[in-house]
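Coordinate inspection notes
Residues per chain are reported as follows:
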Amino acid sequence: GVLDGIRVDHPDGLRDPREYFERLRAEAPDVWILGEKILEPGEKLRSEWPIDGTTGYDYLNLAGGLMIDPGSQQAVTDFYAAYTGQSTDYGSICREKKHKVLRELLGSDVNRLTSLFTEICESHRDRRDFTRQEVNRALREIVASFPVYRTYVVPSRDEITEDDIRYVNDAVELSKKSRPELDPELFDFFRDVLLLRVRGEKEAEFLMRFQQFCGPAMAKGVEDTVFYDFNRLVSLNEVGGDPGVYGISPEEFHAANLERQRTHPRAMLASSTHDTKRSEDVRARISVLSEMPGEWKAAVQRWSKHNRHYKSGGLPDNDTEYLLYQTMLGAWPIGTDRLLPYMEKACREGKRHTTWLAPNEEFETAVKSFVEAIYKDKEFIADFEDFLPKVIGPGRINSLAQTLLKFTVPGIPDTYQGTELWDLSLVDPDNRRPVDYQLRRRLLEEVPRLGAQQIMARSDEGLPKLWTVHQALQTRWRYPASFGDAGSYTPLLPAGPKKENALAFLRGENILVIVPLLTVRLGGDWG
């Protein structure tokens, strides 16, 4: 009777998440329980967990993916590779960065697991020849190749699913290809232990510890490193997302909503959180660049040439500069008081030129000087601000579409503090700044009295977004059966020459939802 809901942070860090959730549910049978489970694309929340769903990162990336124009993937990728000289093989980058954190941040955990598995080898006569060094290298490779945060095999309950088996097999087979110098039988022995084919007290202990360890390796290696280092289109670099996947089709979006309504109709739907790398409105604006790859390429080349003389010894490198321009476009107007701390954090998290543990003063000074110099360059700022209208308008349309979808698809919408209006925040601590609630209260009092044209005339104040939130919540309140656990979700297929520019569905029998997609290509013609 005290708590209405409980959000369990990082359940993957628990030794046995299912047992924990079962105990919690027994103590709180009627409470809304959510797990901050990061689901990789295609991964499903474990049906055995007695919880209401995730905290919504899976939804966040589905909705964001709708705003990406899939037709520009080759052009955007080719330009990113040519301009920065960086690899665009996302899978290889993930493995490389996971190896880096395994060496530099998580070494003691690796050593503990190595010791335990070496003892297991020594207790099996035909496995005694594997050395500690070989075990260590094979272990690192399997962890680095793991496709999801973790598996959930439990020896004491003989619990193992087809998904668990597939993920372990994928990691082992990829490891064999990546490390041909190691005996493939060593990888097979790891597989046997991880899939309960070889059992024992030490084997069970290794398995449980290994699963707990995979999550931090993924979080630190990918979420907190690759997402600051693979900058092809940074609106895709979001918690629970896969920046290697360029956009989501309406069919995939509908399928995910139908599945959520069937299995977890009370899951949370998020668009911004305390942990997102960028707020929903920053991502919505940056995603517009996927609709104008030619103009974006020309602008970056022009700005880069103009600002080249502000570099010091070739620093910052082109990839950092590429991240900088996307960040400025997404968050403008943003002063150096916010941008400089962000760039310092992004560069240290990326761990290519500088890190938190070993800051590279020369590189960081060069980045700071470059940012300060281009902000003082009136010619560059004028050119930059001339480009901005190309993304601001369509970005706001993306934001409104994302907002309406969040309040109408199956699930429970969550509004992060302040995002009732346009919110152009970056990663923490930028998204922890004080929220002006008095302003929001005042605008909310005005909204019901204003017509559509009056709302749009005050777009810069964020009124269209506040109006959309207000209207959507009013609709949910008036028609609860359409949006409840039993409310149906029926995808509708747009027809006609502009069918790719709309997404539509029914909730229940009486709520029709239509949002526009990829509006740049409409050229202003909404007919």
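What counts, and where the lines are drawn
- Residues numbered from 1 in each chain as written.
- Predicted model: local features only at pLDDT ≥ 70, side-chain atom pairs only at ≥ 80, totals over all residues.
- Heavy atoms only, no water.
- Core = buried A, V, L, I, M, F, W, Y, C linked by side-chain atoms within 4.5 Å.
- Buried < 20%, exposed > 50% of the residue type's maximum accessible area, 1.4 Å probe, protein only.
- Helix = DSSP H or I, 4+ residues; strand = E, 2+ residues; numbered from the N terminus.
- Contact = heavy atoms within 4.5 Å.
- Salt bridge = Lys/Arg side-chain N within 4 Å of Asp/Glu carboxyl O.
- Expected span 1.5 Å × (residues − 1).
- Phe/Tyr/Trp six-rings, centres within 6.5 Å; stacked < 30°, edge-to-face > 60°.

1. Thoughts on the nonpolar core
Counting residues in each nonpolar core, the largest one holds 50 residues, and the members touching the most others are Trp296, Tyr325, Met328, Tyr342 and Phe387. For this core, the leading source of residues is helix H13 (residues 318–331), giving seven residues. Not counting the four nearest positions on each side in its chain, Tyr342 is found in contact with Tyr228, Arg278, Leu323, Thr327, Leu426 and Val427. With 38 residues, the next largest nonpolar core counts Val101, Leu102, Val153 and Val172 among its residues.

2. Some points on the pattern of salt bridges
Scanning the entire structure with this criterion turns up 57 salt bridges. For the salt bridge of Asp188 with Arg191, the shortest nitrogen-to-oxygen distance reads 2.9 Å. Of this pair, Asp188 and Arg191 both sit in helix H8 (residues 184–194), separated by three residues, roughly a single helical turn. What makes Asp188 partly exposed here is its relative accessible area of 24%. Classification of Arg191 by relative accessible area gives buried; the value is 9%. Counted as one network, the salt bridges with shared partners bring together Glu96, Lys97, Asp229, Asp317, Asp319 and Arg352.

3. Thoughts on helix H6 (residues 132–145)
In a regular helix each residue adds 1.5 Å, so 14 residues correspond to 20 Å; H6 covers 20 Å between its end C-alpha atoms and thus fits that length. Among the 14 residues that make up H6, ten are buried, leaving the element largely enclosed by the rest of the structure. Every buried residue of H6 is listed here: Val135, Asn136, Ala138, Leu139, Arg140, Glu141, Ile142, Val143, Ala144 and Ser145.

4. Focus on the packing of aromatic side chains
Within this structure, the stated rule accounts for 28 aromatic pairs. For the ring pair Tyr80 and Tyr322, a centre distance of 5.5 Å and an interplane angle of 40° mean the geometry is tilted. Of the two residues, Tyr80 sits in helix H3 (residues 73–84) while Tyr322 sits in helix H13, which places them 242 residues apart along the sequence. We classify Tyr322 as buried; its relative accessible area is 0%. Centre to centre, the rings of Tyr325 and Phe380 are 6.1 Å apart; their planes meet at 40°, and the pair counts as tilted. Note that Tyr325 is positioned in helix H13 and Phe380 in helix H16 (residues 378–387), a separation of 55 residues in sequence. Taking the relative accessible area as the measure of exposure, Tyr325 reaches 0% and is therefore buried.

5. Thoughts on unusual backbone geometry
The omega torsion of the bond from Trp332 to Pro333 falls at 5°, within 30 degrees of zero and hence cis. For Pro333, the position within the fold is in the loop between H13 and helix H14 (336–350). Even without glycine at this site, Asp158 takes up a positive phi of about 55°. Structurally, Asp158 can be placed in the loop between H6 and helix H7 (162–178). By relative accessible area, which is 52% here, Asp158 ends up exposed.

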